[in-house]
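Inside the fold
Chain residues, written in single-letter form:
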Amino acid sequence: MAQKPGIPKGTRDFNPEEVSKRNYIINTIKKEFEVFGFLPIETPSFENSETLMGKYGDEGDRLIFKILNSGDFLSKVDDALYVKKDSGALTPKISEKALRYDLTVPFARYVVMHQNEIDLPFKRYQIQPVWRADRPQKGRFREFYQCDADVVGSKSLWQEVEFVQLYDKVFSDLGLKGVTIKMNNRKVLSGIAEVIGAKDKLIDFTVALDKLDKIGEEGVKKEMLAKGIAAEAIEKVKPLFSFEGSNADKIEKLKDLLSTSEEGMKGVNELEFIINTIDSLGLNEAKLDLDVTLARGLNYYTGAIFEVAAPAEVKMGSIGGGGRYDDLTGIFGLKNVSGVGISFGLDRIYLVLEELGLFPESVTENTKVLFINFGENEALYGMKAIKKLRKKGIKAELYPDSSKMKKQMNYANKRSIPFVVLAGDKEIEEEKFTLKNMQSGEQKSVSFDEMKDILV
RNA sequence: GUGGUUGUAGCUCAGCUGGUUAGAGCGCUGGAUUGUGGUUCCAGAGGUCGCCGGUUCGAACCCGGUCUUCCACCCCA
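What you see is a predicted model; the values in this text were computed from it and never measured.

Below, the discussion takes up the protein's contact with RNA strand B. Close contacts around RNA strand B come from 37 residues, with R135, K138, R140, K404 and M438 the closest. Among the atoms of RNA strand B close to the protein, meaning within 4 Å, 46% are from sugar or phosphate groups. A total of six residues in the surface near RNA strand B trace back to one element, the largest contributor, which is helix α17 (residues 405-414). For the surface near RNA strand B, the residue count by class is seven nonpolar, 12 polar and 18 charged.

Glancing now at the packing of aromatic side chains. According to the stated counting rule, one finds 18 aromatic pairs in the structure shown. Pairing Y56 with Y101 gives two aromatic rings, centres 4.3 Å apart and planes at 45°, and the pair type is tilted. Placement of the pair is Y56 in the loop between α2 (49-52) and α3 (57-63) and Y101 in the loop between β4 (97-99) and α6 (104-113), with a sequence separation of 45 residues. The pair formed by Y56 and Y101 is uniform in burial state, with each residue classed as buried. A connected cluster of aromatic rings, assembled from ring pairs, spans F33, F38, Y125, F163, Y167, F171 and F344. Here the basic side chain of K123 rests over the ring of F38, its NZ or CZ set 4.8 Å away from the ring centre. One residue, R124, lies across the ring of F107, its end atom 4.0 Å from the ring centre.

Here chain A is partitioned into domain 1 (16-64 + 101-356) and domain 2 (366-455). Inter-centroid distance (C-alpha atoms) of domain 1 to domain 2 is 53 Å.

Next up on the list: the pattern of salt bridges. With the rule as written, the count across this model stands at 25 salt bridges. Two residues, K21 and E17, come together in a salt bridge whose shortest N-O distance is 2.8 Å. In this pair, K21 and E17 are both assigned in helix α1 (residues 16-35), four residues apart and thus about one turn of the helix distant. On the accessibility criterion, K21 (8% relative accessible area) is buried. What makes E17 partly exposed here is its relative accessible area of 43%. Between R62 and E59 there is a salt bridge; the shortest N-O distance is 3.3 Å. With R62 and E59 both in helix α3 and three residues apart, the pair spans about one turn of that helix.

This brings us to the sheet that holds strand β3 (residues 66-67). Within the open sheet, the three strands sit side by side as β2-β4-β3. Their pairing is antiparallel. Across the chains shown, the open sheet's two edge strands, defined by having one partner strand only, are β2 (46-48) and β3.

Moving on, we come to helix α14 (residues 262-281). An ideal rise of 1.5 Å per residue puts 28 Å on 20 residues; α14 measures up with 29 Å between its terminal C-alpha atoms. Check the buried side of α14 and you find it contacts α7 (158-173), β7 (180-185), α8 (186-195), α13 (247-257) and β8 (287-290). Phi turns positive one or two residues past the end of α14, at G282, with a value near 85°.

Attention now moves to the pairing of strand β5 (residues 122-131). Among the 10 residues of β5, 10 are classified as buried, and the element is accordingly described as predominantly covered. Of the two faces of β5, the one carrying F122, R124, Q126, Q128 and V130 and the one carrying K123, Y125, I127, P129 and W131 are both buried.

Further remarks concern the confidence of the model for chain A. With 98% of its residues at a pLDDT of at least 70, chain A reaches an overall mean of 88. The secondary structure element of chain A with the lowest average pLDDT is helix α4 (residues 79-84), at 74, and the one with the highest is strand β1 (residues 39-40), at 96. Reported for the predicted complex are a pTM of 0.88 and an ipTM of 0.82.

It is worth spelling out the sheet that holds strand β10 (residues 318-325) at this point. Strand order in this open sheet of eight strands is β1-β5-β6-β11-β10-β9-β7-β8, and the pairing throughout is mixed. Each edge of the open sheet carries a strand with a single partner, namely β1 and β8. In terms of strand pairing, β10 meets strand β11 (residues 339-345) through six bridges, oriented antiparallel. Bridge pairing in β11 places G322 opposite I342. Relative to the sheet, α8 contacts β7 and β9 (304-309), its axis offset from that of β7 by approximately 50°. Of the strands in this sheet, β6 (143-152), β10 and β11 are in contact with helix α15 (residues 346-356), which crosses β11 at around 45°.

Analysis parameters
- Each residue is numbered by its place in its chain's sequence as written, counting from 1.
- For this description, chains carry letters from A and ligands carry numbers from 1, given in the order in which they are written.
- Owing to the predicted nature of the model, reporting of local features is limited to residues with pLDDT of at least 70; listing and counting of side-chain atom pairs is limited to 80 or more, with chain, interface and lining totals taken over all residues.
- Here the side-chain values reflect all heavy atoms present in the structure, with hydrogen atoms and water set aside.
- Here, proximity means that at least one heavy atom of the residue falls within 4 Å of the molecule or strand.
- By the criteria applied, helices consist of DSSP H or I runs no shorter than four residues and strands consist of E runs no shorter than two, each listed in order from the N terminus.
- When residues are grouped by polarity, Ala, Val, Leu, Ile, Met, Phe, Trp, Tyr, Cys and Pro land in nonpolar, Asp, Glu, Lys and Arg in charged, and all others, Gly among them, in polar.
- Aromatic pairs are defined between Phe, Tyr and Trp rings, using the six-membered ring for Trp, whenever the two ring centres lie within 6.5 Å; interplanar angles under 30 degrees are classed as stacked, those over 60 as edge-to-face, and all others as tilted.
- Each residue gets one of three labels from its accessible area relative to the maximum for its type: buried under 20%, exposed over 50%, partly exposed in between, using a 1.4 Å probe on protein chains only.
- Each ring is checked for a lysine NZ or an arginine CZ that lies within 6 Å of its centre and within 35 degrees of its normal; such an atom marks a charge sitting over the ring.
- For each domain, the first and last residues come from an automatic or database assignment.
- The term salt bridge refers to a side-chain nitrogen of Lys or Arg lying within 4 Å of a carboxyl oxygen of Asp or Glu.
- We treat two strands as partners when DSSP finds at least two bridges between them.
- Expected helix span is computed as 1.5 Å times (number of residues minus one).
- Here a residue-residue contact requires only that any non-hydrogen atoms of the pair lie within 4.5 Å.
- Residue-level confidence of the predictor, termed pLDDT, takes values from 0 up to 100.
- Helix axes use the C-alpha atoms of the stretch in contact, all axes being lines fitted to C-alpha atoms, and the angles between their N-to-C directions lie in the range 0 to 180 degrees.

See the structure below:
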């Protein structure tokens, strides 16, 4: 008995239409990456475990897919360790490779390994799948694509300015109106924590603050209290809960709040430069919004933090994110190389474009004309015409078997092929083609050139 | 990792308080129709009721486990 096939949790098959639509997004992103001067690289699907482990925090380690060693790997494990059944201790003994979890850490590894061939600042882009052993839910899969662009070896804030423009350009190209590029700065967050006297609680403080739009002011206060942040400290950050106004207003408010924090002021100045510069350059469709509650993967960001929110009418998490990490390659022994980068969430962008009906029709355009097969001679006559049509870039094909008319017509119908050509003895003799418009049902006898003109 | 949810034909779903042979629509195959599709009519194929176990005279239905789907939390794209 044949077994019923299935695919692993959180993975997907993509049908022809889906692949066409995904390629449309990928090609749009890729084009802009290249226009902005980024170069493509690729890295392996799996890395040595030690390259990945410990780079994403405990939570991240848990979500990394580990690959079992080959061969008789258990025989090499010593009995004492085996009997203890401590997965954490046993894992490194039986698994030395793991699927990549993101593209940033492999990129850092790449920069360190290839530092002699790279000219800094190095701008690279990378579009490849990554894997996470997460529980799937809306817009979250265990295998998904990331589209990353990063620059290493430049501390200039012009890079941040460029990334804001890059986000704006790509989403404009995709016809997505109303996206918000949210921006914050790690130094501002540190500064706030410092000013309220909760510097040691920076992570807890920002994680709680990040949830403001989700759980509201009271929820955030509650969580901060639960994490041991003093009530009077929370009182001091109250202005942040209702941080309204233009970006310029927000900058002024932050300057007041952070006047005593050197680091905080540095962050504010960075934000101010980026905002002012973007103001004078202008954006196509996107809106740049200073959001002091934005924290994201705080672990390695040290300067700017970006997150792109889908248009408000779509209920979807972020469709992109990024930021600056001053010492990304430090973990691999290369000091003082600053990096900044952004990522596009392909799968989520797909869901958003689908929901808003923004895929152009041309994306899924298929065969334009099907030649009915009446037998060997007729097929050859048709194939000669098909060859010439294809040379003109017209998508044409011959039905492979001389099956019944009904079956062949039906095939054209179901694939919504707009034209059918019937060419039998009569047409061959007259050197003509009977071209039928499948939608209107009308058909006429035409020469090759007339047919070509209609199909172009 | 925590909590909930889902699974019956290729697809979408019915299936009563547990009771003979599990149904429909769509799709599929063939025919009415040997150079004309979409409409119509006729016929046919297709199911270990997710899987394993339990309760029962009897389970698609009740119970336990497991896998899967989707959702929320944690975290994140």
